[in-house]
Amino acid sequence: MDQAPPGESPPRKPSLLRHLAGRKYIKQLEPFIAGLRRCHAPHGNRLLYYDDVLTILLLGFFNPCIRSLRKFELHSQVPGVNECLSHHRVCRSTLSDALRVLDPQLLRPLVGELRAHLPRHAPLEPDLEEIYDKIIAFDGSYFKVPAQVFWALQERGGGKAKPGRQVGLDLHFCLATGTPEGISLGGAGSSEAQALAAHVQAEAIYVADRGTFSFEALRAIVQGQGHVVWRLKEVIGFRCQRENPLTDQDRAHGVLSDRVGVLTGSARHLAPDVPVREIRIANPDDPAHPLRLLTNRLDLPAYIIGLIYRRRWEIELFFRWLKVHAHFKHMISHSPRGMETWFYVAVIGTLLMSLYTGQRPNTYNFVAMELILSGQARYEDLAAGLERLARERDRARQRYAQRKAAQKKEA
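As the structure is a prediction and not an experimental result, all values here were calculated from the model.

Thoughts on the overall build of the protein
Here is step 1 of the chain: Regarding its fold elements, the protein presents 14 helices and 11 strands.
Here is step 2 of the chain: The buried share of the protein, taken over its 411 residues, is 50%.
Here is step 3 of the chain: Within the protein, contacts between residues at least 6 apart in sequence are counted, and of these 63% link residues at least 24 apart.
Here is step 4 of the chain: For the protein, the exposed surface amounts to about 19,900 Å²; the carbon and sulfur share of it is 52%.

Next up, the structure:
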């Protein structure tokens, strides 16, 4: 790889965004990507700059075959890819060093810029229209690391737990846009509850499963003026102070009880002294064990709380899409910075895809972005097909909703 003169950086080539020309907000990203080169002082031994790192990683993200440093090195020599980079080849050792030293937090403004222009999708349930923008689903998932990275070791499996080579990704997922809103990286000693408590937005409604619950996280969310819709384990104590009467709509949506009170803690774990509601909802998949939901929204009807919780599955679908369709299953770096950068690239790629196509992430849009960024097609060539597939998915969802409604009425 050619080395630039001391104190100078090699000239930039045309950006990968040239393939996305014609979209209203895409051109606004070019100054940001160009500015990444100035984030670090010039150095005589520096061969690879942040804008090139982001470019090669983004191009690799949209090619599911490129999932290792050796493949990134080979990919960088392809003419269509190489013309977007400052060098004729990105060596795997140089890319590894860059991922270790470059600050992934410098990509956060780009995530915010992309999210500001995302289209809003209407909720499937009209009753959620007024609060849909405030609902944030939270969950974590594990991804394999390439070696015994001790800081990332996780133990799972109860009493027979064994260390696993995996790192946790804790994700804040906006339901209104169908895209990630924030990420945090979890290694040994970290938990989903800690990750949730660390980033709280006022007035946001955080939806999470029972494995994420902790008194500390609930206290942090309440202090941050946020709200929760949480599934509770039966072992969590609750002292009822009054019971709310159920409406016909509540009963139609399977609500069994709606009680207001406070959580009871223990000598080791003190429960926050705030009024909460315990709402029990029938569970069609397991009638003997109804859903036990916790919320500090005292004003919303009980059935709305149930509808909010049922939207949590969207974050599960996103993780499935990320791992199965985008083949984003393991890390390409050993360092925390490198892993976090790779996660940010996945978020940025997802936001770009949603912004460019105007649709939620799906396997068809992923393939379309791969063809567009590789220069094999233009969006205009694929638009009609993508719109047809979107209509077919909408009709399939409507048929499924009608079947479920009919089954519920028969029951």
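Digging into the pairing of strand β10 (residues 276-281)
Here is step 1 of the chain: Within β10, five of the six residues are buried, leaving the element largely enclosed by the surrounding structure.
Here is step 2 of the chain: Bridge analysis of strand β9 (residues 255-264) against β10 gives six bridges, and the strand direction is antiparallel. Following the sheet pairing, serine 257 is matched in β10 by arginine 280.

Here we look at a nonpolar patch on the surface
Here is step 1 of the chain: Together, Leu124, Trp313 and Leu317 give the surface a local cluster of nonpolar side chains, amounting to about 300 Å² of exposed area.
Here is step 2 of the chain: Checked against the element boundaries, tryptophan 313 lands in helix α11 (residues 313-325).
Here is step 3 of the chain: Residue tryptophan 313 is classed as partly exposed on the basis of its relative accessible area, which comes to 37%.

Let's talk about the nonpolar core
Burial of nonpolar side chains together is a common tendency in soluble globular proteins.
Here is step 1 of the chain: Of all hydrophobic cores here, the largest spans 113 residues; its most connected members are Phe61, Trp230, Leu263 and Ile308.
Here is step 2 of the chain: Not counting the four nearest positions on each side in its chain, tryptophan 230 is found in contact with Leu196, Ala208, Asp209, Thr212, Phe213, Ser214, Ala217, Leu218, Ile221, Arg292, Leu293 and Leu294.

Each value, and the rule that gives it
- Residues numbered from 1 in each chain as written.
- Predicted model: local features only at pLDDT ≥ 70, side-chain atom pairs only at ≥ 80, totals over all residues.
- Heavy atoms only, no water.
- Helix = DSSP H or I, 4+ residues; strand = E, 2+ residues; numbered from the N terminus.
- Buried < 20%, exposed > 50% of the residue type's maximum accessible area, 1.4 Å probe, protein only.
- Contact = heavy atoms within 4.5 Å.
- Areas by Shrake-Rupley, 256 points an atom, 1.4 Å probe, with all protein chains shown as cover.
- Pairing = 2+ DSSP bridges.
- Patch = residues over 30% accessible without salt bridge, like charges linked within 9 Å, V, L, I, M, F, W, Y side chains within 5 Å.
- Salt bridge = Lys/Arg side-chain N within 4 Å of Asp/Glu carboxyl O.
- Core = buried A, V, L, I, M, F, W, Y, C linked by side-chain atoms within 4.5 Å.

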